[in-house]
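Now for the letters of each chain:
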Amino acid sequence: MKKWKLGLSLVITASILAACGGSNGKDTAATKESDTNKSANVAQVLRASVPAEITTLDTTKATDRNTFTVIEQIFEGLYRFNGDNELELALAKEPAKISDDGLTYTFKLKEDAKWSNGEPVTANDFVYAWSKIVNPASAAPNAYLFANIKNAKAITAGEKELAELGVKATSDYELEVNLELPQPSFLSLVAIGWFYPQNQKFVEEQGEGYAMDTSKILYNGPFTLTDWKDGATNWSYEKNKSYHDQKNVSLDKVDISVVKETSTGVQLYEANELDVTTLVGDYAKENEDNPDLVRKQELALQYLSYNTVEGSPLANTHLRKALSLAIDRSAITDNIVANGSDPLGGLIPTKLAKNPESGEDFRKENGSFLDYDLKEAKKEWDLAKKDVGEQLELELVTSDDAMEKKLGEYIQSTISENLKGITIKIRSVPKNVALEERRAGNFDLATAGWIAGDIDPTGFFVLFETDGAYNYGKYKNDKFQQLITDSKTIDANNPEKRYEKFLAAEKILFEDAAFEPLYQRTTNYLQRSTVKGLESHLLGSDFTFRNVTISK
């Protein structure tokens, strides 16, 4: 066995994260001691807005970034990301010991870590939570992230027993994980909420009600949640007095409000009723010179999902191509989003992956697909008419936040104007409802977003894998699927071949017009100068409040 230093065990991850410029330019934990001195006698209460309600607080079921922001405040895993997007120890007592072949990880846990009911956090809490996700009975959408753990994929497929999962508690405070293949990014995965622990006894006592309100949750993170139940639009965090490192948590309370209209958030900020609020559209552009503005590019895309299920209009490839070619991505980023986001002509965002030989960015090398071309769009629509008819009404599902509604309205107008005979009907619903509608396949078109769950292109290709948990549009192409399967199996240890297959797989997606990428997301928010140490991450959550202090 050898004990790897954090930096060495994450060569791939660290280089990518550094290239993305993860620090938001504000103060981080490195300046916390001086900030604490400045905050003496200042109430340690932060007021922030979020764009949507919480969808679930069961870490094994969460899928959206907004919910993960909550999860990261109230739970903690083996590792976490700091303000510079570098890994640091959380519940792990020391850096993981990794076997010479890269297949076995041994984690020693801090013995002073406790749940909010006073019970210790043990290795078995990780075994229980991870087993829940791969259990086929759970139908957990994120089971694919565990697929490289020994036997996990076979267990999810019902081919092996749950007890055969390659995760075991060798003692109360030692966890051993065995992988199928070496995975350099594995430690970055265990820092994300899906890999957090759960207290088996408590969870099972709550039954179906687990994590549905604040009385049905046990916490092991820096904060506890108060005043929340399913569907709430306001809630608060309070310092968790059972947290193993609570002496280094300055905030006593964080008050959260769901604010779906940017104008409302700005008004509350200007009235000194919010300390942090997100900006979209014209408000981001108007505040470009505001010293309170923080802007960061994400490893995330916003896209238009097509329901290609057999028998539906969008099973027609020509129709999908017509829609894609009629959408001007630059018009969206310049006039609709208007927040520094960049048009994206592919599945893989800029700065996610590089050619292992030349170092060229994946996005630059593979180019941009299905770019705006009205002449070609009309040709494709003429071809599609032979199958779907001269007149066609399609339903577009969006969430009901301001940006999604504006985006939907743009898509509606540009399609109806440029492709005569197609009518787009918009249905805007709360974000959690929009997600459920996509899962259920209750849409023709749907606006959607996706953010990296891992520093690897497979974390994006999962959107279109046959029978994949996130393949809501039921796209299917056997050649595409074989390329992705090969990248995870026979080519898993061959970076050059994997990369070639990723390039080819993405090209197939656009030969089929499987979806329409719109833009690579950039987040903008206003943050008061009195708020120090607010961290934002490329993976997982939008914000972490653990190191925040409020100064004079």
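None of the values given here were measured: they were computed from a predicted structure. (Residues numbered from 1 in each chain as written. Predicted model: local features only at pLDDT ≥ 70, side-chain atom pairs only at ≥ 80, totals over all residues. Heavy atoms only, no water.)

1. A look at the overall build of the protein chain
The secondary structure content of the protein chain amounts to 19 helices and 20 strands. Here the C-alpha atoms of the protein chain give a radius of gyration of 23 Å, agreeing with the 24 Å that 2.2 N^0.38 yields for 552 residues. Referenced to the eigenvectors of the C-alpha coordinate spread, the extents of the protein chain come out at roughly 70 × 60 × 50 Å. In the protein chain, which comprises 552 residues, the share counted as buried stands at 58%. Sequence-distant contacts in the protein chain: of pairs separated by 6 or more residues, those separated by 24 or more amount to 70%. Between the mean site of the 64 positive side-chain charges and the mean site of the 85 negative ones, the protein chain shows a separation of 2 Å. (Helix = DSSP H or I, 4+ residues; strand = E, 2+ residues; numbered from the N terminus. Rg over C-alpha atoms; globule rule 2.2 N^0.38 Å. Buried < 20%, exposed > 50% of the residue type's maximum accessible area, 1.4 Å probe, protein only. Contact = heavy atoms within 4.5 Å. Lys, Arg positive; Asp, Glu negative; His and termini not counted. Charge placed at Lys NZ, Arg CZ, Asp CG, Glu CD.)

2. Examining the packing of aromatic side chains
Under the criterion given, the structure shown has 25 aromatic pairs. Relative to Phe543, the ring of Tyr525 has its centre 4.7 Å away and its plane inclined at 90 degrees; by these criteria the two rings are edge-to-face. In this pair, Tyr525 sits in strand 18 (residues 515-527) while Phe543 sits in the loop between strand 19 (531-532) and strand 20 (549-550), placing the two residues 18 residues apart along the sequence. On the basis of relative accessible area, Phe543 is assigned to the buried category, the value being 9%. Counting every residue linked through ring pairs, the aromatic cluster contains Tyr303, Phe369, Phe461, Phe464, Tyr475, Phe480, Phe502, Phe510 and Phe515. Its end group placed over the ring of Tyr269, Arg528 keeps NZ or CZ at 4.0 Å from the ring centre. (Phe/Tyr/Trp six-rings, centres within 6.5 Å; stacked < 30°, edge-to-face > 60°. Lys NZ or Arg CZ within 6 Å of the ring centre and 35° of its normal.)

3. Focus: the packing of helix 12 (residues 329-337) against helix 15 (residues 402-418)
In the contact formed by helix 12 and helix 15, the axes pass within 11 Å of each other and the chain directions differ by 135 degrees. With respect to helix 15, the axis of helix 12 lies oblique. At the point where helix 12 passes helix 15, the crossing takes the right-handed sense. Here helix 12 contributes Ala331, Ile332, Ile336 and Val337 to the contact with helix 15, which in turn contributes Met403, Lys406, Leu407 and Tyr410. (Axes fitted to C-alpha atoms, helices over the stretch in contact; angles between N-to-C directions. Parallel < 35°, antiparallel > 145°, perpendicular 65-115°, else oblique. Left-handed = near helix turned anticlockwise from the far one by under 90°.)

4. Focus: the domain arrangement of the protein chain
Much of the literature gives interface size as the accessible area that the parts lose upon coming together. What the domain assignment reports for the protein chain is domain 1 (45-258 + 528-550) and domain 2 (297-523). Carbon and sulfur atoms supply 62% of the area buried between domain 1 and domain 2, which totals about 1800 Å² over both sides. The largest contributions to the domain 1 side of the interface with domain 2 come from Tyr144, Leu538 and Leu539, which together make up 27% of the buried area. At the junction of domain 1 and domain 2, the tally comes to zero salt bridges. There are one residue pair in polar contact (both at pLDDT 80 or more) connecting domain 1 and domain 2. Tallied by class, the residues present in the side of domain 1 that touches domain 2 amount to 12 nonpolar, six polar and three charged. (Domains from an automatic or database assignment. Buried area = accessible area lost by both parts, 1.4 Å probe. Salt bridge = Lys/Arg side-chain N within 4 Å of Asp/Glu carboxyl O. Polar contact = N/O pair within 3.5 Å; in protein donor to acceptor, adjacent residues only side chain to side chain. Nonpolar A, V, L, I, M, F, W, Y, C, P; charged D, E, K, R; others polar.)

5. A few points about the packing of helix 18 (residues 478-488) against helix 19 (residues 495-511)
Two elements in contact, helix 18 and helix 19, have axes separated by 9 Å at closest approach and are oriented at 155 degrees. In terms of orientation, helix 18 and helix 19 fall into the roughly antiparallel class. Relative to helix 19, the crossing made by helix 18 is left-handed. Across the interface between the two elements, Lys479, Phe480, Leu483, Ile484, Asp486 and Ser487 of helix 18 pack against Arg498, Lys501, Phe502, Ala504, Ala505, Ile508 and Leu509 of helix 19. Tallied by class, residues from the contact of helix 18 with helix 19 come to eight nonpolar, one polar and four charged.

6. Focus: unusual backbone geometry
With phi around 60 degrees, Asn85 is a residue other than glycine that occupies positive phi space. Note that Asn85 resides in the loop between strand 3 (79-81) and strand 4 (87-89). Its identity is not glycine, yet Ala139 carries a phi of approximately 50 degrees, on the positive side. Within the secondary structure, Ala139 is located in the loop between helix 5 (123-134) and helix 6 (152-156).

7. Some thoughts on the nonpolar core
If you look at the biggest cluster of nonpolar residues, it comprises 157 residues, and the most contacted ones within it are Phe107, Trp130, Leu175 and Phe545. Looking at this core element by element, the count peaks at eight residues for helix 5. Taken domain by domain, this core gets at least three of its residues from each of domain 1 (45-258 + 528-550) and domain 2 (297-523). Look past the residues within four positions of Phe545 in its chain and what remains in contact with it is Leu46, Gln73, Phe223, Tyr237, Leu251, Val254, Ile256 and Leu534. Judged by nonpolar contacts, the second largest core, of six residues, contains Val266, Leu279, Ala284 and Leu293. (Core = buried A, V, L, I, M, F, W, Y, C linked by side-chain atoms within 4.5 Å.)

8. A few points about the side chain of Glu404
Along the chain, Glu404 turns up in helix 15. Although Glu404 lies buried, it forms no salt bridge, and the closest oppositely charged side chain, Lys431, sits 5.4 Å away as judged by the N-O distance. Those residues in contact with Glu404 that sit more than four places away from it in its chain are Gln302, Thr398, Ser399 and Thr447.

9. Observations concerning the pattern of salt bridges
One pass over the full model with this rule turns up 29 salt bridges. Between Arg80 and Glu76 there is a salt bridge, and its shortest N-O distance comes to 2.6 Å. The exposure class assigned to Arg80 is buried, which follows from its relative accessible area of 14%. Owing to a relative accessible area of 4%, Glu76 belongs among the buried residues under this scheme. Note that Asp456 and Arg498 form a salt bridge whose closest N and O atoms lie 3.1 Å from each other.

10. Topic: the environment of Pro136
By secondary structure assignment, the location of Pro136 is in the loop between helix 5 and helix 6. Each C-alpha atom, one on Pro136 and one on Ala157, is 6.7 Å from the other, the two residues being 21 residues apart in sequence. Residue contacts for Pro136: discarding those within four places in its chain leaves Ile155 and Thr156.

11. Remarks on the UniProt feature "domain: Solute-binding protein family" (unreviewed entry) in the protein chain
Per the UniProt entry, the sites bearing "domain: Solute-binding protein family" (unreviewed entry) are residues 87-469 in this numbering. Helix makes up 29% of residues 87-469 and strand 21%, and the two end C-alpha atoms of the span are 28 Å apart. (UniProt positions renumbered as here; feature names shortened; annotations may be inferred.)

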